[in-house]
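Residues per chain are reported as follows:
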Amino acid sequence: MSEHRSPAEPPRHRRNRTALAYGLPLALAATGSLAYGLFGADTQQRASAATVTPAVPSWATTTLTVARDGSGRYRTVQAAVDAVPVGNRARVVISIKPGTYRETVKVPANKPHITIQGTGTSRNDTVIVYDNASGTRKPDGSGTYGTGGSATVAVDADDFQARDLTISNDFDERAHQDIAQQAVALRTGGDKEFLDSVIVSGDQDTLLVDTAAKEKPGRVYMTHSYVIGNVDFIFGRATAVVDHSVITLKKRWDGTSAGFVTAPSTAANRKGILITNSTVNGDVSSRSFYLGRPWHAGGDATLDPQTTVRNTTLSAAIRTAPWSDMGGFSWKNDRFAEYQNTGPGAGGASSDHPQLTPAQADQQEVTDWLGDWTPSAS
């Protein structure tokens, strides 16, 4: 896969660039953040017994190196995740050397504060990829994976970070027309999930931004990244922001152009999906993609799905009526809106293009989505 770079893309490893995008002071963003690999590869800083109470874990900042060729401590990303102690309270950086890692990775809820980071010169250099789909049968014969279970990388822990790599699901839709084809690349299920300078690539249901349960909150912030897909490929019930990124539309397996960018499944009292300061484009037919549709998961009428697309460049691939109904639920009864978008896919205010007023837009900024959390590299 070739990487499409936006002209304004910043250098890799620019620390605290997220806070700068907010217009916040650098010192504020830096508070509490830790440098990458502070103590070097594969090392652990242990405090002396005299200064640590039994309730405090002995691990401080840790870097674990993964390399397929055996030059690191671990050969797989999952092995490094498995090595992180349960209940860790400090950042663990899993530094992944360039290569293609064909595996699934699961970060359980009891292992927060994990960063997975590629070390190549490009996000294409380090790739985590697998090909499970919703209808793929499990090896143990216990059934199929289901949509959430199909994820190449599944994160249930809080305070997870990923940067400078590609996470992909390369399920072959053409070869498997007989099974359910939702195939997730990345599923997040915790709070404060920070995706920085990554590529998340798939076809249907690429990026699932989820929460641990319907009643639990979960925030996701993606910046300076790419999401690639075709049907409902940014979806779920989390409070999620896609900022300063590129959303790349992709044709279906048979060469046709048709799809939906978002499928939010938001609770009525929560924020949904916010796409801001980004670009939506791709090598697809004109007027063939919707910006989104409401996913009332399980037919739940109490949900109030939300997608806002603002200050974003929309290509001619976006339909003139960019929102669609889903599962018997009308998008007009939920929360779908645009604000100051540009490009041939942006439309003026109409019943098909509901626009935020300036006052409403002031209440739908990145900080409104993230609340008391300011993402910063650590």
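Rules behind the numbers
Residues numbered from 1 in each chain as written. Predicted model: local features only at pLDDT ≥ 70, side-chain atom pairs only at ≥ 80, totals over all residues. Heavy atoms only, no water. UniProt positions renumbered as here; feature names shortened; annotations may be inferred. Helix = DSSP H or I, 4+ residues; strand = E, 2+ residues; numbered from the N terminus. Buried < 20%, exposed > 50% of the residue type's maximum accessible area, 1.4 Å probe, protein only. Areas by Shrake-Rupley, 256 points an atom, 1.4 Å probe, with all protein chains shown as cover. Pairing = 2+ DSSP bridges. Axes fitted to C-alpha atoms, helices over the stretch in contact; angles between N-to-C directions. Contact = heavy atoms within 4.5 Å. Polar contact = N/O pair within 3.5 Å; in protein donor to acceptor, adjacent residues only side chain to side chain. Salt bridge = Lys/Arg side-chain N within 4 Å of Asp/Glu carboxyl O. Phe/Tyr/Trp six-rings, centres within 6.5 Å; stacked < 30°, edge-to-face > 60°. Lys NZ or Arg CZ within 6 Å of the ring centre and 35° of its normal.

In the annotation of an unreviewed UniProt entry, the chain is listed under the name Pectinesterase and assigned to Streptomyces alanosinicus. The UniProt entry for the chain carries this comment under Sequence similarities (unreviewed entry): "Belongs to the pectinesterase family."

Trainee: Can you tell me about the overall build of the chain, naming the residues and giving the values?
Mentor: What the chain contains, in helices and strands, is 6 helices and 24 strands. Taking all 378 residues of the chain together, 54% fall into the buried category. Of the roughly 15,300 Å² of accessible surface on the chain, a fraction of 50% belongs to carbon and sulfur atoms.

Trainee: Explain the environment of Asp-243 to me, and be specific about the residues and the numbers.
Mentor: Structurally, Asp-243 is set in strand β16 (residues 239-243). Using a relative accessible area of 2% as the deciding quantity, one classes Asp-243 as buried. When the C-alpha atoms of Asp-243 and Asn-277 are compared, they prove to be 5.7 Å apart, with 34 residues separating the residues in sequence.

Trainee: Lay out the pairing of strand β11 (residues 193-201) with the relevant residues and their values.
Mentor: The element β11 is largely enclosed, with a buried count of 9 among its 9 residues. With 7 bridges joining them, strand β9 (residues 161-169) and β11 adopt parallel strand pairing. Note on β11: the bridge partner recorded for Ile-167 is Val-200. Bridging between β11 and strand β13 (residues 219-223) involves 4 bridges; their strand directions are parallel. Looking at β13, one finds that Leu-195 is bridged to Met-222. Where β11 meets strand β14 (residues 226-229), 3 bridges bridge the pair, whose relative direction is parallel. Paired with Val-200 across the two strands is Val-227, which belongs to β14.

Trainee: Which residues make up the sheet that holds strand β5 (residues 105-107), and what values go with them?
Mentor: Two pairing modes exist for strands in a sheet, parallel and antiparallel, and in both the strands are linked by backbone hydrogen bonds. In space, the 7 strands of this open sheet follow the order β5-β8-β10-β12-β15-β18-β21, with parallel pairing throughout. The open sheet has two edge strands, β5 and β21 (289-292), and neither has a second partner. On average, each strand axis in the sheet is inclined to that of its neighbour by 10 degrees, with strand direction left out of account. The pairing of strand β8 (residues 153-155) with strand β10 (residues 186-188) spans 3 bridges and is classified as parallel. Among the inter-strand pairings, Val-155 is bridged to a residue of β10, identified as Thr-188.

Trainee: Can you tell me about the environment of Ala-175, naming the residues and giving the values?
Mentor: Considering the arrangement of structural elements, one finds Ala-175 in the loop between β9 and β10. Here the alpha-carbon distance between Ala-175 and Trp-253, two residues 78 residues apart in the chain, equals 9.5 Å.

Trainee: Describe the environment of Ser-150, and please don't skip the residues or the numbers.
Mentor: As for its placement among the helices and strands, Ser-150 is situated in the loop between α4 (146-149) and β8. Relative accessible area serves as the criterion here: at 1%, Ser-150 is assigned to the buried category. With 16 residues separating them in the primary sequence, Ser-150 and Ser-134 have C-alpha atoms 5.5 Å apart. Setting aside residues no more than four positions away along its own chain, Ser-150 makes contact with Asn-132, Ala-133, Ser-134, Tyr-145, Asn-169, Gln-182, Ala-183 and Val-184. Within the structure, Ser-150 has its side chain in polar contact with the backbone oxygen of Thr-147 (distance 2.7 Å).

Trainee: Outline the pattern of salt bridges, listing residues and values.
Mentor: Across all of its chains, the model carries 14 salt bridges by this definition. Asp-131 is the salt-bridge partner of Arg-102, the closest N and O atoms lying 3.7 Å from each other. Placement of Arg-102 in strand β4 (residues 99-102) and of Asp-131 in the loop between β7 (126-130) and α4 is noted, with a sequence separation of 29 residues between them. Among the salt bridges present, the one from Asp-210 reaches Arg-237, with a minimum N-O distance of 2.9 Å. With Asp-210 in the loop between β12 (207-209) and β13 and Arg-237 in the loop between β15 (231-236) and β16, this residue pair connects regions lying 27 residues apart in the sequence. Overall, Arg-237 belongs to the partly exposed group, its relative accessible area being 25%. Three or more residues are tied together by salt bridges with common partners; here these are Arg-102, Asp-131 and Asp-170.

Trainee: Can you tell me about the packing of aromatic side chains, naming the residues and giving the values?
Mentor: By the definition in use, this model includes 4 aromatic pairs. With 5.1 Å between their ring centres and 5 degrees between their planes, Phe-260 and Tyr-290 make a pair best called stacked. Placement of Phe-260 in strand β18 (residues 259-264) and of Tyr-290 in strand β21 is noted, with a sequence separation of 30 residues between them. A cation over an aromatic ring shows up here: Arg-102 above the ring of Tyr-130, its NZ or CZ 5.8 Å from the ring centre. Here the basic side chain of Arg-293 rests over the ring of Phe-260, its NZ or CZ set 3.8 Å away from the ring centre.

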